[in-house]
Amino acid sequence: MNYENILTATQNGITTITINRPSKLNALNKATIEELHEAFDTANKDENTKVIIVTGSGEKAFVAGADISEFANFSVENGGKLAAKGQELLFDFVENLSTPVIAAVNGFALGGGLELAMACHFRVASDNAKMGLPEVSLGVIPGYGGTQRLPQLVGKGRAMELVMTAGMIDAQTALNYGLVNHVVSQEELLPLAEKIAGKIMRNSSVAISKAIKAVNANYKDGIDGFKVEIEQFGACFGTEDFKEGTTAFLEKRKADFPGK
Ligand code: COA
């Protein structure tokens, strides 16, 4: 599929989705959000894709936020709809994918950019990355899940300070906060994400998808995560991957998971 605002490439089990509006620092306009939805959905359904990496094009930005020029004249009703639609199409969608998604944060990740990175299953960053939720400096609040996911990742106090000051933190601070898992130079960023993807791919994709469901259940209101874990654990026993994984262990060989 041809996209206008993103690039996708699949190689060695990894689909890399690159947000490609460098002249606008990869800001998320409506069209980009729709294309991202399509690309994530396609990769998630693709049998050859075991891990998805999302990054930004150019050396400056992952994503510098939602496209401010698109919502500057919005009404109360349109504002609400913008957040609801975006959360449904992209942010909640990515978080709940059964394929692991790694954000490779290669520069500014602001507003919707940080919210996209936080919706991914985990994040790695280059040492020039800068992260923040500057929305209150524009008279709005984060609307793509930032008020929920930032406190989950860094704790309430740090999240409150970042949101209230509209400030940015550097990659090292993000690492100290636990917002990103690793920081490397820009040249090393995609190779690192790919190396981690390689480790993930050695394991059962079916078990991983169930683990994502169970971990995410901890963050959903009204859902008992322990119950979800028990259900997902039990379901593993009916999979071909489980048979292969346990048999391979007992036969002292490497598992060759069918992914079923
Ligand atoms: N929405 C729309 N356009 C954006 C954008 C956004 N969130 N972020 C950057 N751009 C555009 C700029 O308008 C500029 O376009 P132009 O060349 O047509 O004028 C281009 O991207 C380059 O940005 P610029 O501001 O010139 O780069 P800079 O290096 O001076 O500053 C930032 C970088 C990230 C500090 C600055 O672009 C910024 O503050 N962006 C907005 C961040 C934000 O508030 N995001 C949250 C949105 S809810």
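Residues numbered from 1 in each chain as written. Predicted model: local features only at pLDDT ≥ 70, side-chain atom pairs only at ≥ 80, totals over all residues. Heavy atoms only, no water.

Turning next to the overall build of the protein. Assigned secondary structure in the protein consists of eleven helices and ten strands. Projected onto its principal axes, the C-alpha positions of the protein cover 60 × 40 × 35 Å. Burial statistics for the protein: of 260 residues in total, 45% are counted as buried. Intrachain contacts of the protein at a sequence separation of at least 6 include 68% that bridge at least 24 residues. When the accessible area of the protein is evaluated, it comes to approximately 13600 Å², of which 54% is carbon and sulfur surface. Side chains of the protein carry 25 positive and 31 negative charges; the gap between the two charge centres is 4 Å. (Helix = DSSP H or I, 4+ residues; strand = E, 2+ residues; numbered from the N terminus. Buried < 20%, exposed > 50% of the residue type's maximum accessible area, 1.4 Å probe, protein only. Contact = heavy atoms within 4.5 Å. Areas by Shrake-Rupley, 256 points an atom, 1.4 Å probe, with all protein chains shown as cover. Lys, Arg positive; Asp, Glu negative; His and termini not counted. Charge placed at Lys NZ, Arg CZ, Asp CG, Glu CD.)

The environment of the ligand is formed by 15 residues, the closest being Lys 24, Lys 60, Ala 64, Ala 66 and Ile 68. In the environment of the ligand, a nitrogen atom lies 2.9 Å from a nitrogen or oxygen atom belonging to the backbone of Ala 66. A distance of 3.0 Å is found between a nitrogen atom of the ligand and a backbone nitrogen or oxygen belonging to Ile 68. Relative to its free-state accessible area of 860 Å², the ligand is covered by the protein chains to the extent of 59%. (Near = heavy atom within 4 Å. Polar contact = N/O pair within 3.5 Å; in protein donor to acceptor, adjacent residues only side chain to side chain.)

Per the domain assignment, the segments of the protein are domain 1 (6-201) and domain 2 (205-250). The C-alpha-based centres of domain 1 and domain 2 are spaced at 26 Å. With ten residues of domain 1 in contact, the opposing surface of domain 2 contributes seven residues. Here domain 1 and domain 2 share an interface that buries about 630 Å² over both sides, 57% of which is from carbon and sulfur atoms. Together, Asn 96, Ser 98 and Gln 152 form the three largest contributors to the area buried by domain 1 at its contact with domain 2, with a combined 50%. (Domains from an automatic or database assignment. Buried area = accessible area lost by both parts, 1.4 Å probe.)

It is worth spelling out the layout of surface pockets at this point. Space inside the largest pocket adds up to approximately 450 Å³. For the lining of the largest pocket, the elements supplying multiple residues, two or more each, are α2 (68-71), α3 (76-95) and α4 (112-119). Looking at which element gives the most residues to the lining of the largest pocket, the answer is α3, with four residues. The residue inventory of the lining of the largest pocket, partitioned by class, reads 15 nonpolar, seven polar and two charged. Roughly 370 Å³ of internal volume is contained in the second largest pocket. Among the elements of the structure, α4, β7 (122-126), α5 (146-154) and α9 (205-217) are those that each provide at least two residues to the lining of the second largest pocket. (1 Å grid on protein atoms, 1.4 Å probe; cavity = no way out; pocket = protein on both sides within 12 Å on 5 of 7 lines; lining within 4 Å. Points joined across faces, edges and corners; volume = space filled by probe spheres on them. Nonpolar A, V, L, I, M, F, W, Y, C, P; charged D, E, K, R; others polar.)

What follows deals with a nonpolar patch on the surface. There is a patch of nonpolar side chains on the surface, built from Ile 68, Leu 138 and Val 140 and spanning about 240 Å² of accessible area. Relative to the helices and strands, Ile 68 is located in helix α2. (Patch = residues over 30% accessible without salt bridge, like charges linked within 9 Å, V, L, I, M, F, W, Y side chains within 5 Å. Salt bridge = Lys/Arg side-chain N within 4 Å of Asp/Glu carboxyl O.)

The next point concerns the packing of α4 against α5. A pair of packed helices can be characterised by two numbers: the angle between their axes and the separation between those axes. Taken N-terminus to C-terminus, the directions of α4 and α5 make an angle of 55 degrees; their axes are 10 Å apart at the nearest point. With respect to α5, the element α4 is oriented oblique. When the axes of α4 and α5 are compared, the crossing they make is left-handed. Contacts between α4 and α5 involve Glu 115, Met 118 and Ala 119 on the former and, on the latter, Gly 146, Arg 149, Leu 150 and Leu 153. A class-by-class count of the residues in the contact of α4 with α5 yields four nonpolar, one polar and two charged. (Axes fitted to C-alpha atoms, helices over the stretch in contact; angles between N-to-C directions. Parallel < 35°, antiparallel > 145°, perpendicular 65-115°, else oblique. Left-handed = near helix turned anticlockwise from the far one by under 90°.)

The geometry of helix α1 (residues 30-45) relative to α3 is characterised by a closest axis approach of 9 Å and an angle of 30 degrees between their N-to-C directions. Between α1 and α3 the crossing geometry is left-handed. Counting all contacts with α1, which are made through Ile 33, Glu 34, Leu 36, His 37, Phe 40 and Asp 41, the residues of α3 involved are Leu 89, Leu 90, Phe 93 and Val 94. Of the residues in the contact of α1 with α3, the class split is seven nonpolar, one polar and two charged.

This next bit is on the sheet that holds strand β6 (residues 108-110). Sheet architecture is open: four strands sit in the order β4-β6-β8-β9, paired in mixed fashion. Strand pairing shows two members of the sheet lacking a second neighbour, β4 (61-63) and β9 (168-170), which therefore form its edges. Pairwise comparison of adjacent strand axes, ignoring direction, gives a mean angle of 20 degrees for this sheet. As paired elements, strand β8 (residues 130-132) and β9 share three bridges and run antiparallel to each other. (Pairing = 2+ DSSP bridges.)

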